[in-house]
Number of protein chains: 2
Amino acid sequence: MSIKVFIYDDNEARRDSLKALMELSPELQYAGEGINCLNVIADMQTYFPDVVLMDINMPDADGIVGLKSIKKEFPHIKVLMQTVFDDTDKIFECIRNGASGYILKKDSPQRILQAIQEVYDGGAVMNPGIALKVLGYFQPQKKENPLSGRETQVLELLAEGLSYKMVADKLFLSFNTVNTHIKHIHEKLHVSSLGEAIAFYYKNLHQ
Amino acid sequence: MSIKVFIYDDNEARRDSLKALMELSPELQYAGEGINCLNVIADMQTYFPDVVLMDINMPDADGIVGLKSIKKEFPHIKVLMQTVFDDTDKIFECIRNGASGYILKKDSPQRILQAIQEVYDGGAVMNPGIALKVLGYFQPQKKENPLSGRETQVLELLAEGLSYKMVADKLFLSFNTVNTHIKHIHEKLHVSSLGEAIAFYYKNLHQ
DNA sequence: GTACCCCTCACTAAAATTAGGTATGCTGAG
DNA sequence: CTCAGCATACCTAATTTTAGTGAGGGGTAC
């Protein structure tokens, strides 16, 4: 039983070469193709592929639209994203939406076939450059924290949703002291409201 | 110029086979080996490898200890973790500590050599099963959002640090309307302050 | 020792947020 | 049609946050 692969790509030459590539691989079966994702649901219902090889940049309905539709309606179908760019934002958007992998068009044909196989086997696949970015997300991003220890502690609690009074209670401080810390936080972060301070916390200091 | 690879593994047979494997690859050069990471700093200073293939489970000083030491003292040396288990906790600990990849011992020799090359080239490499777990980390962020569209929009801006007035300006609403939306947000989220609402946003809705 | 930062606390007052009520128009579901 | 939810808007009042000024003690660096 071979793996049925559906291809989305707006470039005909590329679709043809991918198709040819698959016809040379007994374990892969070309299931169909599309130039964009306008009819993605119908395509899936008609050809029921195991794996979709999805170009990102396509006119009218791009690969991310297609990915979302497929994972919403047919979550069992694996979607392998493929693009010429390694745009960080798009990578993470695809990952959040359930893509099983992210490879580049410059990757070798052998690697692409291998990726399809691995995705079909339930794994995930990333181009090494992509993987680096994804792993980089976990690296402790040590932004400069201009706040003192106590100030950081106060901001952490505020970011949890506590009011000034609750922070004072929790840290066994007077409200006035908490107030002072917060004034210093505002000065150091160049902000002037609780919301801005919390936004700074989650963007720069959290975990 | 071939890639100098240092191997840590407590299993002699495995070290030997990896060594043999490398001697068959002109682009890879065996630089040395260790049965644990007790002398990791000295090893690096003596053999200055480009890539370290690091077993995780070793007696006395394991691969994670070694990884941390290497990345602290020689951050330019790439470390490729290798283990028999795909233990989720260890995976993330390695990633946080700067590992360039995570592969399994059952991966094919060809794949291991390929991984070393890709790590050396500045990429990151993961076994497909590992990659699936890593990508899965990004998934769970789809909590139900009980807020209406406009309410969500208001909360997004508040979470960016804007005041009620600024939100009103930005959305071309009256302050009163923004106020009403926020009251509804408080009711729906079961919170009673801006801080709590923003905390909810960053924990459940953001991204 | 002096200067600087941190942590603590107090008082005051202005500004913003929270909370209550009320109201209109629109839309979609039953 | 009716009801519910949404988006819009206004008013009032209590509460909280923001901001200013001042101050004592502890620690450290020069």
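To be clear, the structure that these remarks concern was listed above.
Structural notes, computed from the coordinates. Fair warning: this is a prediction, and the values are worked out from it, not measured in the lab. (Residues numbered from 1 in each chain as written. Chains lettered and ligands numbered in written order. Predicted model: local features only at pLDDT ≥ 70, side-chain atom pairs only at ≥ 80, totals over all residues. Heavy atoms only, no water.)

Observations regarding helix α7 (residues 149-159) of chain B
Here is step 1 of the chain: When α7 of chain B is considered as a whole, its buried residues turn out to be Glu151, Thr152, Val154, Leu155, Leu157, Leu158 and Ala159 of chain B.
Here is step 2 of the chain: Buried positions along α7 of chain B lie against α10 (194-205) of chain A together with α8 (164-171), α9 (175-189) and α10 (194-205) of chain B.
Here is step 3 of the chain: Immediately downstream of α7 of chain B, the backbone of Gly161 of chain B shows phi near 105 degrees, a positive value. (Buried < 20%, exposed > 50% of the residue type's maximum accessible area, 1.4 Å probe, protein only. Helix = DSSP H or I, 4+ residues; strand = E, 2+ residues; numbered from the N terminus. Contact = heavy atoms within 4.5 Å.)

Notes on helix α2 (residues 40-47) of chain A
All names here are of chain A.
Here is step 1 of the chain: Within α2, burial applies to Val40, Asp43 and Met44. Down the axis, α2 shows its buried residues gathered within 95 degrees of arc, on one side only.
Here is step 2 of the chain: Elements that come into contact with the buried residues of α2 comprise β1 (3-8), β3 (51-55) and α3 (63-73).
Here is step 3 of the chain: Phe48, located one to two residues past α2, shows a positive phi value of around 25 degrees. (Arc of directions from axis to C-beta.)

Focus: empty space enclosed by the protein
Here is step 1 of the chain: Counted by the stated rule, this structure contains 1 cavity of 30 Å³ or more.
Here is step 2 of the chain: Of the pockets and cavities examined, the largest cavity occupies roughly 280 Å³.
Here is step 3 of the chain: Around the largest cavity, the lining is made up of 24 residues, and of these Arg111, Glu118 and Met126 of chain A together with Arg111 and Met126 of chain B lie nearest the centre.
Here is step 4 of the chain: Listing elements by their share of the lining of the largest cavity, those giving two or more residues are α5 (109-120), β6 (125-126) and α6 (128-136) of chain A together with α5 (109-120), β6 (125-126) and α6 (128-136) of chain B.
Here is step 5 of the chain: Split into classes, the residues belonging to the lining of the largest cavity amount to 14 nonpolar, 4 polar and 6 charged. (1 Å grid on protein atoms, 1.4 Å probe; cavity = no way out; pocket = protein on both sides within 12 Å on 5 of 7 lines; lining within 4 Å. Points joined across faces, edges and corners; volume = space filled by probe spheres on them. Nonpolar A, V, L, I, M, F, W, Y, C, P; charged D, E, K, R; others polar.)

Some remarks on the sheet that holds strand β5 (residues 101-104) of chain A
Here is step 1 of the chain: Here 6 strands make up an open sheet; going across it, the order is β2-β1-β3-β4-β5-β6 (chain A) and the pairing parallel. Every other strand in the sheet has two partners, leaving β2 (28-34) and β6 of chain A as the edge strands with one partner each. (Pairing = 2+ DSSP bridges.)

Structural notes on the protein's contact with DNA strand C
Here is step 1 of the chain: Neighbouring residues of DNA strand C: 22 residues in total, closest Ser148 of chain A together with Tyr164, Lys165, Lys183 and Leu194 of chain B.
Here is step 2 of the chain: For DNA strand C, the backbone makes up 62% of the atoms found within 4 Å of the protein, where backbone means sugar plus phosphate.
Here is step 3 of the chain: Within the contact set of DNA strand C, a phosphate oxygen lies 2.9 Å away from a side-chain nitrogen or oxygen of Thr177 of chain A.
Here is step 4 of the chain: One nitrogen or oxygen atom from the side chain of His186 of chain B is found 3.4 Å from a phosphate oxygen belonging to DNA strand C. (Near = heavy atom within 4 Å. Polar contact = N/O pair within 3.5 Å; in protein donor to acceptor, adjacent residues only side chain to side chain.)

Quick word on the packing of aromatic side chains
Residues and elements named next belong to chain A.
Here is step 1 of the chain: Overall, the coordinates contain 10 aromatic pairs over all chains when judged by the stated rule.
Here is step 2 of the chain: The interplanar angle of 40 degrees and the centroid separation of 5.4 Å between the aromatic rings of Phe92 and Tyr137 together place this pair among those described as tilted. In this pair, Phe92 is assigned in helix α4 (residues 88-96) and Tyr137 in the loop between α6 and α7 (149-159), connecting sequence segments 45 residues apart.
Here is step 3 of the chain: Exposure remark for Tyr137: the relative accessible area of 38% places this residue in the partly exposed category. (Phe/Tyr/Trp six-rings, centres within 6.5 Å; stacked < 30°, edge-to-face > 60°.)

Here we look at the interface of chain B and chain A
Here is step 1 of the chain: Contact residues are listed per partner, giving 38 residues for chain B and 37 residues for chain A.
Here is step 2 of the chain: A combined buried area of about 3,100 Å² lies between chain B and chain A, and 63% of that area is made up of carbon and sulfur atoms.
Here is step 3 of the chain: For Glu118 of chain B, the salt bridge identified is with Arg111 of chain A, shortest N-O distance 2.3 Å.
Here is step 4 of the chain: Where chain B meets chain A, there are 6 residue pairs in polar contact (both at pLDDT 80 or more). (Buried area = accessible area lost by both parts, 1.4 Å probe. Salt bridge = Lys/Arg side-chain N within 4 Å of Asp/Glu carboxyl O.)

Overview of the sheet that holds strand β3 (residues 51-55) of chain B
Residues and elements named next belong to chain B.
Here is step 1 of the chain: Spatially, the 6 strands line up as an open sheet ordered β2-β1-β3-β4-β5-β6, and their pairing is parallel. A single partner strand is all that each edge strand has here, and the edge strands are β2 (28-34) and β6.
Here is step 2 of the chain: Pairing analysis gives 4 bridges linking strand β4 (residues 78-83) to strand β5 (residues 101-104), with the strands arranged parallel. Bridging from a neighbouring strand, Thr83 pairs with Leu104 of β5.

Topic: the environment of His206 of chain A
Here is step 1 of the chain: As for its placement among the helices and strands, His206 of chain A is situated in the segment after α10.
Here is step 2 of the chain: Owing to a relative accessible area of 30%, His206 of chain A belongs among the partly exposed residues under this scheme.

Section: unusual backbone geometry
Here is step 1 of the chain: Residues other than glycine seldom take positive phi values, yet His190 of chain A does so here, at roughly 60 degrees.
Here is step 2 of the chain: Locating His190 of chain A in the fold gives a position in the loop between α9 (175-189) and α10.
Here is step 3 of the chain: The backbone of Asp60 of chain B sits at a positive phi, close to 70 degrees, despite the residue not being glycine.
Here is step 4 of the chain: Within the element layout of this structure, Asp60 of chain B appears in the loop between β3 and α3 (63-73).

Regarding the packing of helix α2 (residues 40-47) of chain B against α3 of chain B
Geometry of a packed helix pair, given as the angle between the helix axes and the separation of the axes.
Residue and element names in this part refer to chain B.
Here is step 1 of the chain: Two elements in contact, α2 and α3, have axes separated by 9 Å at closest approach and are oriented at 50 degrees. By the angle between their directions, the pair α2 and α3 is classed as oblique. Here α2 and α3 pass one another in a crossing that is right-handed. Here α2 contributes Val40, Ile41 and Met44 to the contact with α3, which in turn contributes Gly66, Ser69, Ile70 and Glu73.
Here is step 2 of the chain: Per-class residue counts for the contact of α2 with α3 are 4 nonpolar, 2 polar and 1 charged. (Axes fitted to C-alpha atoms, helices over the stretch in contact; angles between N-to-C directions. Parallel < 35°, antiparallel > 145°, perpendicular 65-115°, else oblique. Left-handed = near helix turned anticlockwise from the far one by under 90°.)

Focus on the environment of Phe48 of chain A
Residue and element names in this part refer to chain A.
Here is step 1 of the chain: Among the structural elements, Phe48 can be located in the loop between α2 and β3.
Here is step 2 of the chain: Through-space distance from the C-alpha of Phe48 to that of Ala31 is 8.0 Å; in sequence the pair is 17 residues apart.
Here is step 3 of the chain: Phe48 has contacts with Lys4 and Asp43, leaving out every residue within four places of it along the chain.

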